[in-house]
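Chain and residue survey
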Amino acid sequence: MSDSPRESPESRRSAGPRGTPEPREAREPSETPHPSGNPLDSSILRTTDNAVSWITLNRPEAMNALTWDQRERVIALLTEASADPAVRAVVITARGRGFCAGADLRGGPPAGERVAGDVARTIRLGAQRLIAAVLDCEKPVIAAVNGTAAGIGAHLAFACDLVLAAEPARFIEVFVRRGLVPDGGGAHLLPRLVGPQRAKELMFFGDALTAADAERIGLVNRVVPPDDLEKTAREWAERLAAGPTRALALTKQLVNASLDTDRTTAFAAEAAAQEINMTTADAVEGVTSFVERRAPRFEGR
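On a predicted model such as this, the values are computed, not experimentally measured, just so you know.

What counts as what
- All residue numbers here refer to positions counted from 1 along the written sequence of the relevant chain.
- Predicted model: local features are reported for residues with pLDDT of at least 70 only, side-chain atom pairs are reported and counted for 80 or more only, and whole-chain, interface and lining totals are derived from all residues.
- In computing side-chain values, all of the structure's heavy atoms are included and hydrogens and water are not.
- Helix and strand assignments follow DSSP, with helices taken as H or I runs no shorter than four residues and strands as E runs no shorter than two, numbered in order from the N terminus.
- To estimate how far a helix should reach, multiply one less than its number of residues by 1.5 Å.
- The cut-offs for exposure are 20% and 50% of the maximum accessible area for each residue type, with area from a 1.4 Å probe on protein chains only; residues under the lower value are buried, those over the upper are exposed, and the others partly exposed.
- For helices, the fitted axis covers only the stretch in contact; all axes are lines through C-alpha atoms, and the angles between them, taken along N-to-C directions, range from 0 to 180 degrees.
- What sets the label is the angle itself: under 35 degrees gives roughly parallel, over 145 gives roughly antiparallel, 65 to 115 gives roughly perpendicular, and the rest give oblique.
- Any two residues whose heavy atoms approach within 4.5 Å are treated as being in contact.
- Gly is put with the polar residues, along with every residue not named as nonpolar or charged; the nonpolar set is Ala, Val, Leu, Ile, Met, Phe, Trp, Tyr, Cys and Pro, and the charged set is Asp, Glu, Lys and Arg.
- The criterion for strand pairing is that DSSP finds at least two bridges linking the strands in question.
- Without a salt bridge and with relative accessible area above 30%, a residue can belong to a patch; like charges are then joined within 9 Å and nonpolar side chains (Val, Leu, Ile, Met, Phe, Trp, Tyr) within 5 Å.
- A 1.4 Å probe and the Shrake-Rupley method give the accessible areas. Residues count as covered only by the protein chains that appear here.
- For this document, the term salt bridge refers to a Lys or Arg side-chain nitrogen within 4 Å of an Asp or Glu carboxyl oxygen.
- Charged-residue counts in this description rest on Lys and Arg as positive and Asp and Glu as negative, His and the chain ends being excluded.
- Charged side chains are reduced to one point each, which is NZ for Lys, CZ for Arg, CG for Asp and CD for Glu.

Right, let's get into helix α10 (residues 229-241). Here α10 contains 13 residues, and its C-alpha end-to-end distance of 18 Å stays within 8% of the 18 Å for a straight helix at 1.5 Å per residue. For α10, the set of buried residues is Leu229, Glu230, Thr232, Ala233, Arg234, Trp236, Ala237, Leu240 and Ala241.

Another point: the packing of helix α11 (residues 245-258) against helix α12 (residues 263-277). Where α11 contacts α12, the two axes come as close as 10 Å, and the packing angle between them is 170°. Between α11 and α12, the crossing angle belongs to the class labelled roughly antiparallel. For the pair formed by α11 and α12, the contact residues are Arg246, Ala247, Leu250 and Leu254 on the first element and Ala269, Glu270, Ala273, Ile276 and Asn277 on the second. In the contact of α11 with α12, the residues fall into six nonpolar, one polar and two charged.

On to the sheet that holds strand β9 (residues 208-210), then. On the basis of which strands lie adjacent, the open sheet formed by four strands has the order β4-β6-β8-β9 and mixed pairing. Because the sheet does not close on itself, it has two edges, and the strands there are β4 (98-100) and β9. Sheet twist, expressed as the average angle between the axes of neighbouring strands with direction ignored, equals 25°. As judged from the two bridges shared by β4 and strand β6 (residues 148-150), these two strands associate in the parallel manner. Along β6, the bridge assignment pairs Gly98 with Thr148.

Okay, the sheet that holds strand β3 (residues 89-94) next. Strands belonging to one sheet form pairs held by backbone hydrogen bonds; the direction of such a pair is parallel or antiparallel. Pairing is mixed across the open sheet formed by six strands, whose spatial order is β1-β2-β3-β5-β7-β10. Among the strands making up the open sheet, the edge pair consists of β1 (44-49) and β10 (222-224). Neighbour-to-neighbour, the strand axes of this sheet turn through a mean angle of 20°, independent of strand direction. As paired elements, strand β5 (residues 141-145) and strand β7 (residues 162-166) share four bridges and run parallel to each other.

On to a negative patch on the surface. Where like charges cluster on the molecular surface, the negative patch consists of Glu167, Asp227, Asp228 and Glu235. You can see Glu167 is positioned in the loop between β7 and β8 (170-172). For Glu167, a relative accessible area of 46% puts it in the partly exposed group.

In this structure the tally under the stated criterion is 15 salt bridges. Salt-bridge contacts for Asp118 lead to Arg121; the nearest nitrogen and oxygen are separated by 2.9 Å. With Asp118 and Arg121 both in helix α4 (residues 118-125) and three residues apart, this pair spans about one turn of that helix. Judged by its relative accessible area of 37%, Arg121 falls in the partly exposed class. Here Asp161 ties to Lys252 by a salt bridge, and the two come within 3.0 Å at their closest N and O atoms. In this pair, Asp161 sits in the loop between α6 (152-158) and β7 while Lys252 sits in helix α11, placing the two residues 91 residues apart along the sequence. Connected through salt bridges with shared partners, the residues Asp49, Glu230, Arg234 and Glu238 form a single ionic network.

Moving on, we get to a nonpolar patch on the surface. Judged by side-chain polarity, Met278, Val287, Phe290 and Val291 come together as a nonpolar surface patch covering roughly 450 Å² of accessible area. Relative to the elements of secondary structure, Phe290 occurs in helix α13 (residues 281-291). With a relative accessible area of 69%, Phe290 lands in the exposed category.

The following block contains the structure:
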């Protein structure tokens, strides 16, 4: 499970290809640590620029493996982004050679004697909540994957609406290497993205998947040179942030639910979403701009 103690940096490095060049670290506006001095404010950075909320994992010495409190901060930031009208898109990225090496429970609540139900509860309240926070975020979420994404780190990327990857990035379903069952929604996400046979191949063998191969099989939208990752993510996010935010949120909900529903249910949900969306100012602006033959000016409302 992804909420098991993190392996050593040496063992993580040996899991992926050697000699991988280090991508340029993503740049963000106003990345000043919060004056509270809370370590979380420096290990999980959050900035907002041009209506885009940037969430940056900033523990490069640990390949950005997530502790339980860092995971909770990411969940909280995604929840805040959903509710904040000033935020209209989200980017999740990281510093250093790794995007996220998985879960790191060191520094978490002390582990007592394990009883039946503890593991399931830990997964349900931990890794699954993180993935659900991405899937349920009411703003489009882009993953800008700078380096290795392993275990729950890979699933964090796959849960995003769009995935950009730098050329050196690697994706690893590392669970089988530790004798574990994939968690963090992996068995739900992967078959929907690449089909059951390909998902089983990735999960059964746990081989590192290059960014190019991930793009080829549909796990990644686009692979870019390391120096272009931040620029491309910014261009995509700002384009989304200028769009009709509520329409995008409803579209995201429809697509995410599409593989779990029959046609009748999907059609009913689509009609209901259109009904709701037509009450928004952006829908009115979209129709008006069409009639007036001008570009729309969406405000996210």
